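A structural walkthrough
Below, each chain spelled out in residue letters.
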Amino acid sequence: SGIGPHYPLLFPGWLTPFVKTAENNGTIPAVLQKSIGILEEDGDTAVLLFGTILVLLCYSFVIVFASFTVLAMFLPMIKLITALSS
């Protein structure tokens, strides 16, 4: 019983044990404040992870693009050298 299982959208599965304990102790507001803090930390962690992955992807794209550009600049010289040597 309790309010957690009756409102699954309001109280996700990971929060249900906290709510059940809070119902028994009469400290639901404190538990909800703590869960808000946990969710904010999770959100901050997700944003930091996304930023880190985005930076790595941008660096990778720049390195690949620069490599292709340098190779494209040297292709006419390589073609000329191979044409003259044959």
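The structure under discussion appears in the preceding block.
The structure reproduced in this document is the subject of the present report. (Residues numbered from 1 in each chain as written. Predicted model: local features only at pLDDT ≥ 70, side-chain atom pairs only at ≥ 80, totals over all residues. Heavy atoms only, no water.)

1. Section: the overall build of the protein
Going by this rule: Secondary structure elements follow DSSP: runs of H or I no shorter than four residues count as helices, runs of E no shorter than two count as strands, and numbering proceeds from the N terminus. Each residue's exposure class comes from its accessible area (1.4 Å probe, protein chains only) as a fraction of the maximum for that residue type: buried when under 20%, exposed when over 50%, partly exposed otherwise. For the accessible areas, the method is Shrake-Rupley and the probe is 1.4 Å, while residue cover comes only from the protein chains on display.
Counting secondary structure elements, the protein contains two helices and zero strands. Counting over 86 residues, the protein shows a buried share of 10%. When the accessible surface of the protein is split by element, carbon and sulfur atoms take 76% of a total near 7,200 Å².

2. Looking at a negative patch on the surface
Our working rule: Residues forming no salt bridge and having over 30% relative accessible area are the ones grouped into patches, like charges within 9 Å of each other and nonpolar side chains (Val, Leu, Ile, Met, Phe, Trp, Tyr) within 5 Å. Should a side-chain nitrogen of Lys or Arg be within 4 Å of a carboxyl oxygen of Asp or Glu, the pair is scored as a salt bridge. Counted as positive: Lys and Arg. Counted as negative: Asp and Glu, with His and the chain ends omitted from the count. Here the site of a charge means NZ on Lys, CZ on Arg, CG on Asp, or CD on Glu.
On the surface, Glu40, Glu41, Asp42 and Asp44 cluster together into a negatively charged patch. By the element assignment, Glu41 lies in helix 2 (residues 28–85).

3. Structural notes on a nonpolar patch on the surface
On the surface, Val64, Phe68, Val70, Leu71, Met73, Phe74, Leu75, Met77, Ile78 and Ile81 cluster together into a nonpolar patch covering about 980 Å² of accessible area. Structurally, the position occupied by Leu75 is in helix 2.

4. Focus: the packing of aromatic side chains
Two aromatic rings are characterised by how far apart their centres lie and by the angle between their planes. Keep this limit in mind: Aromatic pairs are defined between Phe, Tyr and Trp rings, using the six-membered ring for Trp, whenever the two ring centres lie within 6.5 Å; interplanar angles under 30 degrees are classed as stacked, those over 60 as edge-to-face, and all others as tilted.
With the rule as written, the count across this model stands at one aromatic pair. Centroid distance Phe61 to Phe65: 6.1 Å. Interplanar angle 20°. Geometry classified as stacked. Residue Phe61 and its partner Phe65 are located together in helix 2, separated by four residues, close to a single helical turn. Like Phe65, Phe61 is exposed.

5. Digging into helix 1 (residues 16–25)
The line we're drawing: Each C-beta atom gives one direction from the helix axis, and the arc is the one those directions make. The contact rule is simple, with two residues in contact once any of their heavy atoms fall within 4.5 Å.
Turning to helix 1, its buried residues are Thr16, Val19 and Ala22. With its buried residues spanning 125° around the axis, helix 1 presents them on a single face. With respect to the buried face of helix 1, the exposed residues turned more than 90 degrees away are Asn24 and Asn25. Where the residues of helix 1 are buried, they touch helix 2. Gly26 occupies a position one or two residues after helix 1 and carries a positive phi of about 75°.

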